[in-house]
Amino acid sequence: MRSTVFRLALISGAAAILAACSQGTPDYIEGFAATGAAMAGASVTAKCVSGPDVTGTTDANGRFSLNIMGGQKAPCIVRVSGGGTTLHSFAAGPGRLNVTPLTELSVGKAFGADPSTAFAGFDSAKASAIASNLDTAKAAIKTQVETLTGKTIAGDMFTSTF
């Protein structure tokens with residue numbers, strides 16, 4: 001009897017785990033928008049290589065969360081606008097993303113033009129151009145900032161928590 005109860009419990013547990021796994025977890029681009037101070041109440045829009053745009057608003061601390069499971073396919077370019085400032089960033093996939101003046105400069109350098117141009121007509125060709133040049137662009141921007149300020153930038157300016 002005890003063996004039967006144990007087996008039923010084991011089977012029920014395994015079934016619950018399989019059911020939970022099959023439902024999947026929504027994919028999010030979550031992060032922080034700042035110009036030095038948090039961009040509170042700013043409009044956030046993600047344009048991915050396919051699917052409809054996703055929009056949201058930053059909270060009082062500049063944090064945002066966008067669900068990209070509505071047919072969107074990464075990579076995505078993200079625009080944050082508020083208080084007369086518009087900044088861009090690039091998400092290769094779901095996960096953490098910062099949107100700051102440094103990401104704006106890096107995306108522009110990687111794309112070879114104003115990030116607003118990439119955002120306006122974002123497609124797989126623009127995503128590929130940004131993605132293939134982004135590491136070089138980030139390194140160049142990091143070097144310029146460190147040279148100007150004398151301070152080292154720790155971590156990845158796109159994904160590090162600060």
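Computed from a predicted structure; not experimentally measured.

Colleague: Can you help me understand the overall build of the protein chain in this one?
Modeller: Of the regular secondary structure elements, the protein chain holds four helices and seven strands. Reading the helices (α) and strands (β) of the protein chain from amino to carboxyl end gives α-β-β-β-β-β-β-β-α-α-α. The buried share of the protein chain, reckoned over its 162 residues, is 33%. A separation of at least 24 residues holds for 57% of the contacts in the protein chain among residues at least 6 apart in sequence.

Colleague: It is not clear to me how the pairing of strand E5 (residues 73-82) should be interpreted in this structure. Could you clarify?
Modeller: The side chains of a regular strand alternate, residue by residue, between the two faces of the sheet. Note: strand E2 (residues 43-50) against E5, seven bridges, orientation antiparallel. Each residue of the ladder has a partner; that of Ala46, found in E5, is Val78. In this structure, the hairpin formed by E5 and strand E6 (residues 85-91) is closed by a connection of two residues, where Gly83 is found at a positive phi of approximately 60°.

Colleague: Help me out: how do you make sense of the sheet that holds E6 in this one?
Modeller: Two modes of strand pairing occur in sheets, parallel and antiparallel, and in both the strands are linked by backbone hydrogen bonds. The four strands are arranged E3-E2-E5-E6 in an open sheet whose pairing can be described as antiparallel. Across the chains shown, the open sheet's two edge strands, defined by having one partner strand only, are strand E3 (54-57) and E6. Taken pair by pair, the neighbouring strands of this sheet meet at an average axis angle of 20°, ignoring direction. Of the pairings in the sheet, the one linking E5 to E6 comprises seven bridges and is antiparallel in character. Across the sheet, Arg79 pairs through a bridge with His88, a residue of E6. Packed on one face of the sheet, helix H4 (residues 124-149) meets E2, E5 and E6 and runs near 80° to E6.

Colleague: Help me out: how do you make sense of the pattern of salt bridges in this one?
Modeller: Opposite charge on two side chains makes pairing possible when the charged atoms of those side chains draw close. Using the criterion set out here, one finds three salt bridges in the structure. One salt bridge connects Lys126 with Asp123, and the closest N-O pair in it is separated by 4.0 Å. Exposure remark for Asp123: the relative accessible area of 30% places this residue in the partly exposed category. We note a salt bridge from Asp135 to Lys138, for which the minimum N-O separation is 4.0 Å.

Colleague: Please clarify how the packing of aromatic side chains should be interpreted in this entry.
Modeller: Counted under the stated rule, the structure contains one aromatic pair. The interplanar angle of 70° and the centroid separation of 6.5 Å between the aromatic rings of Phe90 and Phe122 together place this pair among those described as edge-to-face. Pair noted here: Phe90 is in strand E6 and Phe122 is in the loop between helix H3 (115-120) and H4, with a separation of 32 residues, a long-range link. An identical accessibility class is assigned to Phe90 and Phe122; each is buried. Of note, Lys47 hangs over the ring of Phe119, and the distance from its end group to the ring centre comes to 4.7 Å.

Colleague: Help me understand the confidence of the model for the protein chain in this model?
Modeller: Do not read the fine detail of predicted coordinates wherever pLDDT is low. For the protein chain, the average pLDDT comes to 86, and 84% of its residues sit at 70 or higher. Mean pLDDT across the secondary structure elements of the protein chain bottoms out at helix H1 (residues 2-23), with 34, and peaks at E6, with 98. In this model, residues 1-25 is a region of pLDDT below 50 whose contacts with residues beyond four sequence positions or in other chains number one contact.

Colleague: Looking at this structure, I do not really get the pairing of E2. What am I missing?
Modeller: In the sheet, E2 pairs with E3 via four bridges, with the strands oriented antiparallel. By the bridge assignment for E3, Ala46 is matched with Val54. Linking two consecutive strands that pair antiparallel, namely E2 and E3, is a turn of three residues; a positive phi of about 95° is found at Gly51 within it.

Colleague: Explanation requested: the sheet that holds strand E1 (residues 28-33) in the structure shown.
Modeller: Here three strands make up an open sheet; going across it, the order is E4-E1-E7 and the pairing mixed. Of all strands in the sheet, those with a lone pairing partner are strand E4 (63-67) and strand E7 (95-99), marking the two edges. When the angles between neighbouring strand axes are averaged without regard to direction, this sheet yields 25°. Pairing analysis gives five bridges linking E1 to E7, with the strands arranged parallel. In the sheet register, Ile29 faces E7, and the bridge partner there is Gly95.

Calculation notes
Residues numbered from 1 in each chain as written. Predicted model: local features only at pLDDT ≥ 70, side-chain atom pairs only at ≥ 80, totals over all residues. Heavy atoms only, no water. Helix = DSSP H or I, 4+ residues; strand = E, 2+ residues; numbered from the N terminus. Buried < 20%, exposed > 50% of the residue type's maximum accessible area, 1.4 Å probe, protein only. Contact = heavy atoms within 4.5 Å. Pairing = 2+ DSSP bridges. Axes fitted to C-alpha atoms, helices over the stretch in contact; angles between N-to-C directions. Salt bridge = Lys/Arg side-chain N within 4 Å of Asp/Glu carboxyl O. Phe/Tyr/Trp six-rings, centres within 6.5 Å; stacked < 30°, edge-to-face > 60°. Lys NZ or Arg CZ within 6 Å of the ring centre and 35° of its normal. pLDDT = per-residue confidence, 0-100.

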